[in-house]
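# Architecture at a glance
If you want the building blocks of each chain, they are given just below.
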Amino acid sequence: MKKLLITFLASVVLFNCEAQEAPKQFSEKALNDTFVTLEGESLTFSSILNKYEGKTILIDVWASWCSDCIKSMPNLKELQKEYNDVVYLFLSLDKSVDAWKRGIKKYNVQGQHFYMQSGWKGDFGDFLNLDWIPRYLVVDKNQNIKLYKAVKATDKNLKNALIK
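Residues numbered from 1 in each chain as written. Predicted model: local features only at pLDDT ≥ 70, side-chain atom pairs only at ≥ 80, totals over all residues. Heavy atoms only, no water.

### Focus on the state of the cysteines
Throughout the structure, instances matching the rule amount to 1 disulfide. Across the disulfide, C66 is cross-linked to C69 (sulfur-sulfur distance 2.5 Å). Where C66 bonds to C69 through sulfur, the torsion about that S-S bond is close to 80°, and the disulfide is right-handed. The two residues C66 and C69 agree in class, both being buried. (Disulfide = S-S within 2.5 Å. Buried < 20%, exposed > 50% of the residue type's maximum accessible area, 1.4 Å probe, protein only.)

Right, here's the structure in full:
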């Protein structure tokens, strides 16, 4: 009887689960989440995106304490060489602004830098369903999300999303 019940419950779960399609647009909450610039200015994510309107953007959610993030930097730097017309936007989940700034310098991270003051569970992190870093996204020239999730800089989908 127990086996029958487990089989029944498993089939209910399988038939009721639908694959969720990756979003093509940022939610209003994610767009209104605030980030901090290197100069200490607070900006909404929407204003950051608008600054780079008309350009392809690779977003890297990272932290200087994250070993996978640091290990992926050489691969990301190769992407930067190959796709030098792309804007590289680094969103940091470091524990403090000071740690974030030290990490940028220590690992010579080249690009546009913003600190995610709302953290993992803020509106932006919730939109991403953030559960791992590094996390990569690609936003096209019209600010549509071309690639919603990659966790490795070597992910073939990442490179494909950067191709015009």
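So much for the structure itself; the text now carries on.
### Side note on unusual backbone geometry
Residue P134 is reached from I133 by a cis peptide bond, and omega for that bond is 5°. One can find P134 in the loop between α6 (123–128) and β6 (135–139). Despite not being glycine, Q143 shows a phi value in the positive range, around 65°. Residue classification places Q143 among the buried residues on the basis of a relative accessible area of 18%. (Helix = DSSP H or I, 4+ residues; strand = E, 2+ residues; numbered from the N terminus.)

### Notes on the nonpolar core
Residues F26, F45, I59 and L91 are the most contacted members of the largest nonpolar core, which totals 53 residues. In contact with I59, not counting residues within four places along its chain, are F26, F45, L89, L91, R135, Y136, L137 and V139. (Core = buried A, V, L, I, M, F, W, Y, C linked by side-chain atoms within 4.5 Å. Contact = heavy atoms within 4.5 Å.)

### Re the side chain of H113
Within the element layout of this structure, H113 appears in strand β5 (residues 112–115). There is a polar contact of 2.9 Å between the side chain of H113 and the backbone oxygen of V109. Within the local environment of H113, its side chain forms a polar contact with the backbone oxygen of G111, the two atoms lying 3.5 Å apart. Setting aside residues up to four positions removed in sequence, H113 forms contacts with V36, T37, L38, F90, W100 and I104. (Polar contact = N/O pair within 3.5 Å; in protein donor to acceptor, adjacent residues only side chain to side chain.)

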